[in-house]
Each structure stands twice: as structure tokens, then as C-alpha cells.
Amino acid sequence: MTKPDYAWLLQDLDVGPDHGLVFTEEHLAMQAAEKIVGNRSPALWADGYLYGPGDGTTRVMLRHLPKTLIQQMGYDIPLA
């Protein structure tokens, strides 16, 4: 469940730390992460989920963060 003042930040570590996508809905963010890594097996993490190709490495971080923090990081928040 997403709180109104929070959003989901998806970062693909293979692309670089400055590249990210912001989602207002958890299921949309998870679907995007699953498409990037090619599986539906995330590891639960304190702020969200970690996704990898299945070899023990992490490729995608999906974090549930306050919208103000995401904006301070330089990302735009989509309209809900």
C-alpha cells in the first residue's frame, strides 16, 4: 500500500545511480523491475525490494521513499 506522500523509486544499477523511474503505485514499479531482470523473485529490503538476475547479484533497487526526498534527488513525481 502506498501512502499519498510516498512514491516508489526504481534504480537500475547497471545503467547508473543517476538514472531512475518514479511510480506512485507499488505493483507498477514491481512489474517494471521484473521486466528489467527477467524474473518475479525480489528480496525484501528495509525500504522496498532488491531484484537480480538470479545469480546472487542485485541489479534493481526499488525503494519506497517520501516524495519530497525523491524530488530532492532530482526526480519528477508522476501525477497519481
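Residues numbered from 1 in each chain as written. Predicted model: local features only at pLDDT ≥ 70, side-chain atom pairs only at ≥ 80, totals over all residues. Heavy atoms only, no water.

Here the focus is helix H1 (residues 26–37). Taking 1.5 Å as the rise per residue, H1 with twelve residues should run 16 Å; its terminal C-alpha atoms sit 17 Å apart, in good agreement. Glu 26, Ala 29, Met 30, Ala 32, Ala 33, Glu 34 and Val 37 are the residues of H1 that are buried. Check the buried side of H1 and you find it contacts strand S1 (6–12), strand S2 (20–23), strand S4 (48–51) and strand S5 (60–66). Of the residues one or two after H1, Gly 38 is the one with positive phi, at around 85°. (Helix = DSSP H or I, 4+ residues; strand = E, 2+ residues; numbered from the N terminus. Expected span 1.5 Å × (residues − 1). Buried < 20%, exposed > 50% of the residue type's maximum accessible area, 1.4 Å probe, protein only. Contact = heavy atoms within 4.5 Å.)

Of the pairings in the sheet, the one linking strand S3 (residues 43–45) to S4 comprises three bridges and is antiparallel in character. Within S4, the residue paired with Ala 43 across the bridge is Leu 50. Taking the residues between adjacent antiparallel strands as the criterion, S3 and S4 are bridged by two residues. In this structure, S4 lies alongside S5, joined through four bridges in antiparallel fashion. Following the sheet pairing, Tyr 49 is matched in S5 by Leu 62. (Pairing = 2+ DSSP bridges.)

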